[in-house]
Amino acid sequence: MREPRVRRFLGAVAIFLTALALQRACTLPWGSGGTVAGQYRLTVVGLTRLHAPGDGAVVDCRWWPRYGDASLCAVAPDAAAAFERLRLAYPLLQVGLWLSVASLLLQALRVPRSRLAQALLPAAVAAAAATAILFVRDGAEQALASLRAIPIHFAGAGFVAAVVAAVLAVASTVLVASAPWPEAPPPPPPPPTPTPTPK
């Protein structure tokens with residue numbers, strides 16, 4: 001009895017940490033790179049050019065929401081689909097964040113009682129985080145014209161947080177799925193029917 005409780009507790013802790021990691025993944029840089037022409041920093045909502053030769057100004061562009069220097073976020077030729085996938089990364093992380101919060105609440109409330117149903121939400125969180133990672137890694141350099149000739153190194157805190165979130169969500173899924181709830185006790189037997197006493 002004690003081991004399933006420990007697993008359920010660890011599963012709840014894992015999904016709680018997943019929510020925190022996803023929140024950081026939405027705001028922190030994912031990667032950086034540059035050449036002599038300038039240094040760039042990539043997040044899931046936009047791109048920043050930190051500096052360029054003879055120009056110390058920082059230039060931003062965003063696609064969530066759209067603002068800033070549009071030329072910096074210009075879509076490369078024949079890369080519209082890759083850009084749309086890149087733009088989907090942020091909504092996927094947000095969906096994963098709120099699903100992890102919902103999963104934590106359901107685990108705390110112990111509903112539903114089915115362990116497989118409990119494991120569905122953290123599994124969906126893991127899928128959302130992993131898909132966002134693939135969309136950013138595969139789409140950034142391909143989708144943005146300004147990054148076509150610039151290798152981006154994905155080692156930023158936001159990228160690490162997203163990977164950690166995906167791993168933690170998988171761990172929560174496994175822990176919850178392997179920890180059955182205690183079965184409800186059988187109902188008490190009905191009281192005996194009194195035998196009528198003959199007169």
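Look up a bit, the structure's there.
Peer 1: Explain a nonpolar patch on the surface residue by residue, including any values.
Peer 2: A cluster of nonpolar side chains, contributed by Val6, Phe9, Leu10, Val13, Phe16, Leu17 and Leu20, occupies part of the molecular surface with about 600 Å² of accessible area. Mapped onto the secondary structure, Leu10 falls in helix α1 (residues 2-25).

Peer 1: An account of the state of the cysteines is needed here, citing residue identities and associated values.
Peer 2: Following the criterion strictly, the structure yields one disulfide and no others. The disulfide that involves Cys61 links it to Cys73, with 1.7 Å between the sulfurs. Between Cys61 and Cys73, the S-S torsion sits near 75°, and that sign places the bridge as right-handed. Remark: Cys73 occurs in the loop between β5 (66-68) and α2 (80-109) and Cys61 occurs in strand β4 (residues 59-63); sequence separation between them is 12 residues. Overall, Cys61 belongs to the buried group, its relative accessible area being 1%.

Peer 1: Lay out the sheet that holds β5 in plain terms, naming residues and giving numbers.
Peer 2: A sheet is described by the order of its strands in space; here five strands give the open sequence β1-β2-β3-β4-β5, paired in antiparallel fashion. Of all strands in the sheet, those with a lone pairing partner are β1 (31-35) and β5, marking the two edges. Along the sheet, successive strands turn relative to each other by an average axial angle of 15°, direction set aside. Examined bridge by bridge, β1 and strand β2 (residues 38-42) share five bridges and lie antiparallel to one another. By the bridge assignment for β2, Thr35 is matched with Gly38.

Parameters and conventions
- Residues numbered from 1 in each chain as written.
- Predicted model: local features only at pLDDT ≥ 70, side-chain atom pairs only at ≥ 80, totals over all residues.
- Heavy atoms only, no water.
- Patch = residues over 30% accessible without salt bridge, like charges linked within 9 Å, V, L, I, M, F, W, Y side chains within 5 Å.
- Areas by Shrake-Rupley, 256 points an atom, 1.4 Å probe, with all protein chains shown as cover.
- Salt bridge = Lys/Arg side-chain N within 4 Å of Asp/Glu carboxyl O.
- Helix = DSSP H or I, 4+ residues; strand = E, 2+ residues; numbered from the N terminus.
- Disulfide = S-S within 2.5 Å.
- Buried < 20%, exposed > 50% of the residue type's maximum accessible area, 1.4 Å probe, protein only.
- Pairing = 2+ DSSP bridges.
- Axes fitted to C-alpha atoms, helices over the stretch in contact; angles between N-to-C directions.

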